[in-house]
Amino acid sequence: MNVVSRGIKNALRSPMRSGAIVLMLAISIGLILSMLVARSSVNAKITEVKSSAGTSVTISPAGVHGFDGGGDPLTAAQITTIKDTAHVSSIVATLSDQLTTSDTSLTPSLELGLFGARQQRSSTDSTSSTDSNAAAPADSSSTETTTTRQAPTPKTTVTGTTDQNSVSTDGSDLVLSSGSSIDGSSSDLVALVGTSLATKNSLKVGSTFTAYDKTITVKGIFKTGNTFADSGLIMPLATVQTLTDQSGAVNSVIAKVDSSDNVSSTVTTLKSSLGDKADITSQVEQAAASVSSLESISSLALAGVVGATIAGSVIVLLAMVMIVRERRREIGVIKAIGGSNVKVIGQFVSEALTLTIIGAIVGLSLGIVVSGPMTSSLVSNQSSTATTQAGPGAGGPGRMFKGGMSQLSSNITQVTGSLTPQVFAAAVGITLIISIIGSAVPAWFIARIRPGEVLRTE
Amino acid sequence: MLVVKNLTKSFNSAGGEVHALKDVNMTINTGEFASIIGKSGSGKSTLLSMLGALDVPTSGSIQVDDIDIAKLSAAKQTAYRAKKIGFVFQHYNLIPNLTALENVMLALEFGGMPASKRKARAQELLTEVGLDEDEQLRKPTRLSGGQQQRVSIARALANKPAIVLADEPTGNLDSETGKKIFDLLHSLTRSENVTIIAVTHDMDIAGKTDRTFRLKDGQIVIEK
């Protein structure tokens, strides 16, 4: 029997007490592993979200939100300002309009539904009330106003853009199921038709339809998988500007910044140059706001790791101090019969190590089981906060873009706790630190016990 | 041969300096059985701890076979205790979670005996002091007081020490068992040629030893 085997034997000397120590240790080691897993998973997610956020800056006229709100479109001069801003590598400008059945020969493919009907009722209400006031103010009455209300009709959205890919909802290039691309910088009377709208109106490549009293030729059919987008039209920007008598006007500009590091400064420059005429948002800023709750989870997890490490060390330390005090006489005897300090300390360190290793095996198994659910629970508990924080930032100018952003936000809550070998190694390393701290102080106590005590206490 | 010269041990206490031992001189020949008697606080245990290199004297020398153990380094004192000294305590002081056999083997380990030879040597010693095979594999709590003291004696003799120091070896035993233990120690002195120094209260035992030293207030007052 040597020093190590005596230590192991001593660790199992009092099963009840050793069991309690092992259990407490296991809980703290399990917590360390879970927190390390949560931290690394959350950090990986933060990096992923930040890197996927891209370098786009969206500029929309102040007060405009999709087709809601009010304000003046951006002018050609403002677009030039944006284009000339430092670090802006390229811009995509869009001007959207909605075609009623009186503006076009197309039948809208989008059903109004309860939501659409409500939206349209409120807008026709205001129109008809203005009309009746202007025509015959004396005869107007609230009853008449109500009776003049028209039945709501679905509309077709037309997007004039310099780059057809800006309509794609997932950030990739627009997928054409047939036909070819249109030149965004031209002013040809051509259009790309969403697959739903094309089916509804039996349109094919080469077909024509009427809009704004002009004959438009279908150049291609696109499919995004987004019902709203697939029920619309894409035309060159200049074409829409001419057809709607809004020369040079746009209601959304997406500027690409040369690198993600320059996004914040570019946003600041644009805000000062455009003043209160435009609302400016960037995905990087939104992503930063969205991941701030994840960052707080990450720091929380780090605090958890530190706390559990301290707790684990204190448990081993106090247990070993208690054991050393209790076996003071025994240590005296071992020293009296010729046991050196190194041998006695070695025996107690091996005892502490045995307890820590058993605690680590139980704790790491516990950690493997609970780290996944714990990470999910940590993240989902914070998800309401995440949504609130992302809310104001995610208010993008276009509905499609906004949809893309909320998709990004919802991805943030989908953090899966994954145990990597590095995280496991870190947990094992921390456990080793615990046993070293837990043994160092008792070792000092042991070294101070004099063999003579064995006689003196008798 | 053990030669103690002008041995003094002082402690600093709240009430000033306390002299536990004052100028003690004694000589004990190899193979002799000596006893030290005296009242509580007379300095018996202090003297024993000096002889066993458990404590360092304030002044004076303790020569064992011409080596002054008082001047050895801590590490050398540990080695000296392991190889040259055997201890027998009043409360046996066996390691509670080791069997009788393992307790003896522990002393052999500290004495530097190779692991392969320890078990046979420990069994031989335990048989010699009167423990059968079954008893050798028991832990101290499952042995009687007399049996525990036998294990303790076997442990003390494990490394063929020059001196066995016994602190009240029969103090915790009934008179009959105490007598048997004394006889065992006595016979071992003869067969192994070991010097035994026993601190005792028992005048019967003291009367049967080769030499007796009486301590009073840290000084040897009677030597016979």
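As a reminder, the structure under discussion sits directly above these lines.
Being a predicted model, the structure only gives us computed values, none of them experimental.

## Considerations on the sheet that holds strand β7 (residues 163–167) of chain B
Residue and element names in this part refer to chain B. Sheet architecture is open: six strands sit in the order β6-β7-β8-β3-β9-β10, paired in mixed fashion. A single partner strand is all that each edge strand has here, and the edge strands are β6 (85–88) and β10 (219–223). For this sheet, the mean inter-axis angle between neighbouring strands, taken without regard to orientation, is 20 degrees. Looking at chain direction, β6 and β7 are connected through four bridges and run parallel. Considered in β7, the bridge of G86 is made with V164. Each of β6 and β7 touches helix α6 (residues 145–157); the most contacted strand, β6, lies at about 170 degrees to it.

## Here's the deal with the environment of L192(A)
Residues and elements named next belong to chain A. Following the sequence through the fold, L192 ends up in strand β7 (residues 190–194). Separated by 13 residues in sequence, L192 and G179 place their C-alpha atoms 8.6 Å apart. The contact partners of L192, leaving out residues within four places of it in the chain, are Q164, L174, L176, S180, I182, K219, G220, F222, G232, L233 and I234.

## Some thoughts on the interface of chain B and chain A
If you look at the interface, chain B gives 26 residues, while chain A gives 25 residues. Carbon and sulfur atoms make up 59% of the surface buried where chain B meets chain A, a total of about 2300 Å² over both sides. In terms of surface lost to chain A, no three residues of chain B exceed L54(B), N97(B) and F110(B), which account for 25% of the buried area on that side. For the pair chain B and chain A, the number of links is four salt bridges.

## Here's the deal with the nonpolar core
In this structure, I59(A), V193(A), F209(A), V253(A), V104(B), L126(B) and I153(B) are the most contacted members of the largest nonpolar core, which totals 124 residues. Broken down by element, the residue count for this core peaks at 14 residues, all from helix α10 (residues 283–326) of chain A. Counting 30 residues, the second largest nonpolar core, distinct from the first, contains A336(A), V24(B), M26(B) and I197(B).

## Some points on a nonpolar patch on the surface
Residue and element names in this part refer to chain A. A cluster of nonpolar side chains, V4, I8, L12, I358 and V362, forms an exposed patch at the surface whose accessible area comes to about 380 Å². Contributions of two or more residues to the nonpolar patch are made by α1 (3–11) and α12 (341–393). With respect to the secondary-structure elements, V4 resides in helix α1.

## With respect to the sheet that holds strand β2 (residues 16–28) of chain B
All names here are of chain B. Read across the sheet, four strands follow the order β2-β1-β4-β5 without closing on themselves; strand pairing throughout is antiparallel. Unpaired on one side and paired on the other, β2 and β5 (67–68) mark the two borders of the sheet. Sheet contacts for helix α1 (residues 44–51): β1 (2–13), β2 and β4 (59–64); angle to β1, the most-contacted strand, approximately 120 degrees.

## Focus on the environment of N43(A)
In this fold, N43(A) is placed in helix α2 (residues 15–52). Note: C-alpha distance between N43(A) and E295(A) (252 residues apart in sequence) is 7.5 Å.

## Things to note about α6(B)
Residues and elements named next belong to chain B. With 13 residues, α6 should cover 18 Å at 1.5 Å per step; its first-to-last C-alpha distance of 18 Å lies within 8% of that length. Counting buried positions over the 13 residues of α6 gives twelve, a clear majority of the element. Of the residues making up α6, those classed as buried are G146, Q147, Q148, Q149, R150, V151, S152, I153, A154, R155, A156 and L157.

## Points about the side chain of K44(B)
Residue and element names in this part refer to chain B. In this fold, K44 is placed in helix α1. Of the buried charged residues, K44 lacks a salt bridge, with E168 as the closest side chain of opposite charge at 4.8 Å. A distance of 2.8 Å separates a polar side-chain atom of K44 from the backbone oxygen of G38. Apart from the residues lying within four places of it in its own chain, the contact partners of K44 are I36, I37, G38, K39, E168, V199, H201 and L215.

## Overview of the packing of α2(A) against α10(A)
Residue and element names in this part refer to chain A. Closest axis-to-axis distance for the α2/α10 pair is 8 Å, and the angle between their directions is 160 degrees. In terms of orientation, α2 and α10 fall into the roughly antiparallel class. For the element pair α2 and α10, the recorded crossing hand is left-handed.

## Quick word on the packing of aromatic side chains
Residue and element names in this part refer to chain A. Scanning all chains against the criterion turns up three aromatic pairs over all chains. On the basis of an interplanar angle of 70 degrees and a centroid distance of 5.7 Å, the ring pair of W444 and F445 is categorised as edge-to-face. Given a relative accessible area of 52%, W444 falls into the exposed group. F445 sits in the partly exposed class, given a relative accessible area of 30%.

## Concerning the packing of helix α4 (residues 115–128) of chain B against α6(B)
Residue and element names in this part refer to chain B. Running from N to C, α4 and α6 point in directions that differ by 130 degrees, and their axes come no closer than 9 Å. One way to sum up the angle between α4 and α6 is to call them oblique. Taken as a pair, α4 and α6 cross one another with a handedness that is right-handed. Counted together, R121, L125 and L126 of α4 and V151, A154 and L157 of α6 form the full contact between these two elements.

## Things to note about the pairing of strand β10 (residues 233–236) of chain A
Residue and element names in this part refer to chain A. As judged from the four bridges shared by strand β5 (residues 156–161) and β10, these two strands associate in the parallel manner. Bridge pairing in β10 links V158 to L233. Of the pairings in the sheet, the one linking β7 to β10 comprises two bridges and is antiparallel in character. For V193, the partnering residue across the bridge sits in β10 and is L233.

Calculation rules
- Residues numbered from 1 in each chain as written.
- Chains lettered and ligands numbered in written order.
- Predicted model: local features only at pLDDT ≥ 70, side-chain atom pairs only at ≥ 80, totals over all residues.
- Heavy atoms only, no water.
- Pairing = 2+ DSSP bridges.
- Helix = DSSP H or I, 4+ residues; strand = E, 2+ residues; numbered from the N terminus.
- Axes fitted to C-alpha atoms, helices over the stretch in contact; angles between N-to-C directions.
- Contact = heavy atoms within 4.5 Å.
- Buried area = accessible area lost by both parts, 1.4 Å probe.
- Salt bridge = Lys/Arg side-chain N within 4 Å of Asp/Glu carboxyl O.
- Core = buried A, V, L, I, M, F, W, Y, C linked by side-chain atoms within 4.5 Å.
- Buried < 20%, exposed > 50% of the residue type's maximum accessible area, 1.4 Å probe, protein only.
- Patch = residues over 30% accessible without salt bridge, like charges linked within 9 Å, V, L, I, M, F, W, Y side chains within 5 Å.
- Areas by Shrake-Rupley, 256 points an atom, 1.4 Å probe, with all protein chains shown as cover.
- Expected span 1.5 Å × (residues − 1).
- Lys, Arg positive; Asp, Glu negative; His and termini not counted.
- Polar contact = N/O pair within 3.5 Å; in protein donor to acceptor, adjacent residues only side chain to side chain.
- Parallel < 35°, antiparallel > 145°, perpendicular 65-115°, else oblique.
- Left-handed = near helix turned anticlockwise from the far one by under 90°.
- Phe/Tyr/Trp six-rings, centres within 6.5 Å; stacked < 30°, edge-to-face > 60°.

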